[in-house]
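Observations on the model geometry
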Amino acid sequence: MIGKNRVEGYAIVSADGMIADATGKMPDTLRNPADQRFLQTELDRAAVVVHGRHSHEGGPRSGRRKRLIVTRGIAALGRDPSHPNALLWNPNGAALEQALEALGVGDGAVAILGGTDVFGLFLPIYDAFHLTCAENARVPGGRPVFPEVGPNSSAEAVLARHGFKAGPRRDVDKDAGITLVTWQR
């Protein structure tokens, strides 16, 4: 928890733990309408969405959501001229609490959407991580969900090493092989 806000991560990964291809683009094999419905419902209850400069959240209400965009391109905090509800944030220059206060974030979850470094940054403070897996997809040479994911370490193993416990596995889209496990501390 950050003050009164739960910190929750959301990612859909390939069977090999990747969120994007080598160029940073999310492949179509990771896109699923049922997963998108789940994500949009979750984001509707969030107080703020946090992501890197190259990770974006779409959907019909994305422009109305408050967001922190993690970047090394500024010293601490700054307005994003292209998104009126967004604040640019360098974690090395300002604490998360400062960024949330500057953005006027109220009650609700802090929803983390990636990319790899952003997901890794929040590993020590997540209250929950919602890990959706596209079990039929593989993204060789792709970008992992966490920096620690690799040939000898899965996303699940990383979460377990950081003190998370897996909840029950749910079928999000059984025919497409899309499952969801919520990991909690």
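Not measured: the values here are computed from a predicted model.

1. Some details on the side chain of Glu42
Positionally, Glu42 belongs in helix α1 (residues 33-44). Setting aside residues no more than four positions away along its own chain, Glu42 makes contact with Glu8, Tyr10 and His130.

2. Examining the side chain of Thr132
If you trace the backbone, Thr132 turns up in strand β8 (residues 128-134). A distance of 3.2 Å separates the side chain of Thr132 from the side chain of Asp35, its partner in a polar contact. Among residues more than four places away in sequence, those in contact with Thr132 are Ala11, Ile12, Val13, Asp35, Ile178, Thr179 and Leu180.

3. Digging into unusual backbone geometry
Across the junction of Gly114 and Gly115, the peptide omega takes the value 5°, indicating a cis bond. Secondary-structure assignment places Gly115 in the loop between β7 (109-112) and α3 (116-121).

4. Topic: the pattern of salt bridges
Evaluated as defined, the whole model comprises 10 salt bridges. With a shortest N-O distance of 3.2 Å, Glu148 and Arg161 are connected by a salt bridge. Taken as a pair, Glu148 in the loop between β9 (143-144) and α4 (155-161) and Arg161 in helix α4 lie far apart in primary sequence, 13 residues in all. For Arg161, a relative accessible area of 51% translates into the label exposed. Residues joined by salt bridges that share partners form a network here, namely Arg6, Glu8, Glu42 and Arg45.

Rules behind the numbers
Residues numbered from 1 in each chain as written. Predicted model: local features only at pLDDT ≥ 70, side-chain atom pairs only at ≥ 80, totals over all residues. Heavy atoms only, no water. Helix = DSSP H or I, 4+ residues; strand = E, 2+ residues; numbered from the N terminus. Contact = heavy atoms within 4.5 Å. Polar contact = N/O pair within 3.5 Å; in protein donor to acceptor, adjacent residues only side chain to side chain. Salt bridge = Lys/Arg side-chain N within 4 Å of Asp/Glu carboxyl O. Buried < 20%, exposed > 50% of the residue type's maximum accessible area, 1.4 Å probe, protein only.

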